[in-house]
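Breakdown of the fold
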Amino acid sequence: MRKPVIAGNWKMYKTIAESVETALALKPLVANANHCEVVIAPVFTALKTVADRLEGSNVRVSAQDCSTETEHGAHTGEVAADMLKDAGATYAIVGHSERRQFYCETDESVSRKTRAALAANLSVIVCVGEMLEQREAGDAEQVVSQQLRGGLGGLTATDLPRIIVAYEPVWAIGTGRTATPEQAQEMHAFIRRVFREEHSNEAAQDLRILYGGSVKPDNIAGLMSQEDIDGALVGGASLKADSFAAIVNYNR
Ligand code: 13P
């Protein structure tokens, strides 16, 4: 059985005070959510405070990115994965489409960040997803397969349980245009097939695949009813404690 993961990506929206306020409001609302792992990803500067304030709760904290570099040293502006762990993170998101589109993230840097995060004992949420033109040209699977093979090549069987894939079609992010549960399921099943080819049947069966892109309280149940959808990576609707809690506590 794959335990679902429902993660809120707070992107660059909240100050420390705002992050703590939302995290503390969320904590009691999801305290009984034993059916899934609940994760929030505040900005770097709020990570430690939020993680400290959530200690002892069932809400875990994720970084939104990490450095490709593992050796501490002259890398101005970078934050090493073990420093994120030190600040209280349990997960790191890597390869988000906003980083691929606007901050020169490549499959190669995703691969290096994934390894760095694994080496620091973090679980890694690796994001993949096609742009609208690529879907319209019929290239969605080819794009996602390339991102998976490029970002996750060379991992060992012991690494795989800490890998989570998030399928986020770029055309569905922040647009209000969710993939239909069937569209998402089709790609999730494809991702599992790629994983089977690259790794093993067992690793593919155990892989958690999250859907992201305009997930809301009113569409989460439909998405989660699909066989290969094992959770969600939520942007806008995770910014308010009550709407994120409604997603976590979806009607099962
Ligand atoms: P939205 O839920 O706002 O579409 O964002 C999705 C996302 O990018 C999560 O990482």
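Reading the values: rules and limits
- Residues numbered from 1 in each chain as written.
- Predicted model: local features only at pLDDT ≥ 70, side-chain atom pairs only at ≥ 80, totals over all residues.
- Heavy atoms only, no water.
- Helix = DSSP H or I, 4+ residues; strand = E, 2+ residues; numbered from the N terminus.
- Rg over C-alpha atoms; globule rule 2.2 N^0.38 Å.
- Contact = heavy atoms within 4.5 Å.
- Lys, Arg positive; Asp, Glu negative; His and termini not counted.
- Charge placed at Lys NZ, Arg CZ, Asp CG, Glu CD.
- Core = buried A, V, L, I, M, F, W, Y, C linked by side-chain atoms within 4.5 Å.
- Buried < 20%, exposed > 50% of the residue type's maximum accessible area, 1.4 Å probe, protein only.
- Polar contact = N/O pair within 3.5 Å; in protein donor to acceptor, adjacent residues only side chain to side chain.
- Expected span 1.5 Å × (residues − 1).
- Pairing = 2+ DSSP bridges.

The helix and strand tally for the chain stands at 11 helices and 8 strands. Over its C-alpha atoms the chain spans a radius of gyration of 17 Å, differing by no more than 12% from the 18 Å that the globule rule assigns to 252 residues. Considering only C-alpha atoms, the chain reaches an extent of 45 × 45 × 35 Å along its principal axes. Within the chain, residue pairs in contact and separated by at least 24 positions form 71% of the contacts whose partners lie at least 6 positions apart. Between the averaged position of the 25 positive side-chain charges in the chain and that of its 33 negative side-chain charges there is a distance of 4 Å.

What follows covers the nonpolar core. Ranked by size, the top nonpolar core spans 72 residues in total, and within it Ile-40, Ile-163, Val-165, Ile-191, Phe-195 and Tyr-211 carry the most contacts. Examining the composition of this core, we find that 6 residues originate from one element, helix 8 (residues 181-198), more than from any other. Once residues lying within four places of it in the same chain are set aside, the contact partners of Ile-163 are Thr-114, Leu-118, Val-124, Leu-152, Leu-155, Phe-195 and Leu-207. Counting 12 residues, the second-largest nonpolar core is a separate cluster that includes Ala-7, Ala-41, Leu-210 and Leu-233.

With that settled, consider the side chain of Ser-238. Here Ser-238 lies in the loop between strand 8 (231-234) and helix 11 (241-248). Of the residues examined, Ser-238 reaches a relative accessible area of 1% and is grouped as buried. At 3.1 Å, the side chain of Ser-238 and the backbone oxygen of Val-234 are in polar contact.

The terminal C-alpha atoms of helix 7 (residues 140-152), which comprises 13 residues, lie 18 Å apart, in line with the 18 Å expected from a rise of 1.5 Å per residue. Ala-140, Val-143, Val-144, Ser-145, Gln-147, Leu-148, Gly-151 and Leu-152 are the residues of helix 7 that are buried. Just downstream of helix 7, Gly-154 is the residue with a positive phi angle, here 75 degrees.

Our focus in this paragraph is the pairing of strand 7 (residues 208-212). When a strand is regular, its side chains alternate between the sheet's two faces. For strand 7, the tally of buried residues reaches 5 of 5 residues, placing the bulk of the element in the interior. Going residue by residue along strand 7, you find Arg-208, Leu-210 and Gly-212 tucked away on one face and Ile-209 and Tyr-211 tucked away on the opposite face as well. Here 4 bridges tie strand 6 (residues 163-167) to strand 7, and the two strands are oriented parallel to one another. Each bridged residue has a counterpart across the sheet, and for Ile-164 the counterpart in strand 7 is Arg-208. Bridge count for strand 7 against strand 8 is 2 bridges, and the pairing is parallel. Its bridge partner lying in strand 8, Gly-212 is registered against Leu-233.

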